[in-house]
Amino acid sequence: MAKQDAQRKTKQVKLLKPHTDHGIDYRAGDTIEVDAATEQWLIDHQIIESTGVTQ
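Residues numbered from 1 in each chain as written. Predicted model: local features only at pLDDT ≥ 70, side-chain atom pairs only at ≥ 80, totals over all residues. Heavy atoms only, no water.

1. Details of the environment of His22
Reasoning step 1: Within the secondary structure layout, His22 lies in the loop between strand S2 (19-21) and strand S3 (24-26).
Reasoning step 2: Side chain to side chain, His22 and Asp21 meet in a polar contact 3.2 Å long. (Helix = DSSP H or I, 4+ residues; strand = E, 2+ residues; numbered from the N terminus. Polar contact = N/O pair within 3.5 Å; in protein donor to acceptor, adjacent residues only side chain to side chain.)

So, in structure tokens, the structure goes:
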């Protein structure tokens, strides 16, 4: 259960380049909210810069 709760926490991240998420186009510089797994994927693909704000 704790692992599921950790996955549900979200974080604000800033896009380094354009990105489409759930059919919505975002521009470089936009801030989006993602879960930990998505954040890591975006980091791995050099799409985001983490702002360090966890909600």
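Read on, since the account is not over.
2. Details of the pattern of salt bridges
Reasoning step 1: By the definition in use, this model includes one salt bridge.
Reasoning step 2: A salt bridge links Glu39 to Lys11; the nearest nitrogen and oxygen atoms lie 3.3 Å apart. A residue pair is termed long-range when its members are at least 10 positions apart, and Glu39 in helix H2 (residues 36-44) and Lys11 in strand S1 (residues 10-15) qualify at 28 residues. Each member of the pair, Glu39 together with Lys11, is buried. (Salt bridge = Lys/Arg side-chain N within 4 Å of Asp/Glu carboxyl O. Buried < 20%, exposed > 50% of the residue type's maximum accessible area, 1.4 Å probe, protein only.)

3. Notes on the nonpolar core
Reasoning step 1: With seven residues, the main nonpolar core is built from Val13, Leu15, Ile32, Val34, Leu42, Ile47 and Ile48.
Reasoning step 2: Excluding residues that lie within four positions of it along the chain, Leu42 makes contacts with His19, Ile32, Val34, Ile47 and Ile48. (Core = buried A, V, L, I, M, F, W, Y, C linked by side-chain atoms within 4.5 Å. Contact = heavy atoms within 4.5 Å.)

4. Some remarks on the pairing of S1
Reasoning step 1: The alternating pattern of S1 places Lys11, Val13 and Leu15 on a buried face, while none of Thr10, Gln12 and Lys14, on the opposite face, is buried.
Reasoning step 2: With five bridges connecting them, S1 and strand S4 (residues 31-35) associate as antiparallel partners. Paired with Val13 across the strands is Ile32, a residue of S4. (Pairing = 2+ DSSP bridges.)

5. Details of the confidence of the model for the protein chain
Reasoning step 1: Confidence in the prediction of the protein chain, expressed as mean pLDDT, is 83, and 75% of residues score 70 or more.
Reasoning step 2: At the low end of the mean pLDDT range in the protein chain sits helix H1 (residues 2-8), at 58; at the high end sits S3, at 96. (pLDDT = per-residue confidence, 0-100.)

6. Quick notes on unusual backbone geometry
Reasoning step 1: Phi at His22 is positive, roughly 55°, even though this residue is not glycine.
Reasoning step 2: Unlike most non-glycine residues, Gln46 shows phi in positive territory, near 55°.
Reasoning step 3: The residue Gln46 is located in the loop between H2 and strand S5 (48-54) in this model.

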